[in-house]
Amino acid sequence: MRDDNNYQLFATVLINVNYRLYAQLKPSNRPPQSEKVARWLEGAKRSPAHAFQDIFERRLKRGQCHTVPSLGWREFVPNYVGPLRAETRIQEDINLTMASMLDQVFPDGPFSGYAPTFLQNAEIRNGELKYGDDHAE
């Protein structure tokens, strides 16, 4: 504990969070990253976005994901990853402000360098945290 620094952090931590993820796929102006993808796109009978949605749904049903979802601290992860369950309800009595939270990791696109950005004073109102491009109503 040199210099009177014990590395303790003040934090607001959400536990037992139920994530409902919504996504919007936007076409990229970048050329395909591999010949295999380019060939697939040439012969595709449907939009690639539909294929991505199918892949997402299939993996969701299997409980598969590249990384377990978290709101920034991997110590606090969900105990269930899968399709929405009918009995899941929003806990509407939660109203608080998160001083700072991770917003984007690659703000200039998936092939850009690591440059995290943080959202300040994110509000949870009636049990919902909305953020991203379309969070303002």
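Since the model is a prediction, treat every value here as computed from it, not as a measurement.

Rules behind the numbers
Residues numbered from 1 in each chain as written. Predicted model: local features only at pLDDT ≥ 70, side-chain atom pairs only at ≥ 80, totals over all residues. Heavy atoms only, no water. Helix = DSSP H or I, 4+ residues; strand = E, 2+ residues; numbered from the N terminus. Buried < 20%, exposed > 50% of the residue type's maximum accessible area, 1.4 Å probe, protein only. Areas by Shrake-Rupley, 256 points an atom, 1.4 Å probe, with all protein chains shown as cover. Salt bridge = Lys/Arg side-chain N within 4 Å of Asp/Glu carboxyl O. Pairing = 2+ DSSP bridges. Contact = heavy atoms within 4.5 Å. pLDDT = per-residue confidence, 0-100. Patch = residues over 30% accessible without salt bridge, like charges linked within 9 Å, V, L, I, M, F, W, Y side chains within 5 Å.

Caption draft 1: Region of the structure containing the overall build of the protein chain. Broken down by element type, the protein chain carries two helices and three strands. Ordered by position in the sequence, the α and β elements of the protein chain form the string α-α-β-β-β. Counting all 137 residues of the protein chain, 7% fall into the buried class. For the protein chain, the accessible surface area stands at approximately 12300 Å², while carbon and sulfur atoms represent 51% of it.

Caption draft 2: The arrangement of the pattern of salt bridges in detail. If you walk through the whole model with that rule in mind, you get one salt bridge. As a salt-bridge pair, Arg 125 and Glu 123 come within 3.3 Å of each other at their nearest N and O atoms.

Caption draft 3: Broad picture of the sheet that holds strand β3 (residues 128–129). Read from one edge to the other, the open sheet built from three strands follows the order β1-β2-β3, with strand pairing classed as antiparallel. This sheet does not close on itself; its edge strands, each paired only once, are β1 (96–104) and β3. In this structure, β1 lies alongside strand β2 (residues 117–125), joined through seven bridges in antiparallel fashion. Paired with Gln 104 across the bridge in β2 is Thr 117.

Caption draft 4: Molecular detail of the environment of Phe 118. Turning to its location among the elements, Phe 118 is positioned in strand β2. C-alpha of Phe 118 to C-alpha of Val 105: the two residues are 13 residues apart in sequence and 8.9 Å apart in space. Ignoring sequence-local partners within four residues, the contact set of Phe 118 consists of Ser 100, Met 101, Leu 102 and Asp 103.

Caption draft 5: Summary view of unusual backbone geometry. We note that Asn 121 has phi near 55°; this positive angle belongs to a residue other than glycine. With respect to the helices and strands, Asn 121 occurs in strand β2. Backbone geometry at Asn 126 places phi at a positive 50°, although glycine is not the residue there. With a relative accessible area of 45%, Asn 126 lands in the partly exposed category.

Caption draft 6: Layout of the confidence of the model for the protein chain. On average, residues of the protein chain score 77 in pLDDT, and 79% of them are at 70 or above. Taking the mean pLDDT of every element in the protein chain, the minimum, 77, falls on helix α1 (residues 35–43) and the maximum, 90, on β2.

Caption draft 7: Up close: a nonpolar patch on the surface. On the surface, Leu 9, Val 13, Ile 15, Trp 73 and Phe 76 cluster together into a nonpolar patch covering about 500 Å² of accessible area. Within the secondary structure, Trp 73 is located in the loop between α2 (48–62) and β1. The class of Trp 73 is partly exposed, set by a relative accessible area of 40%.

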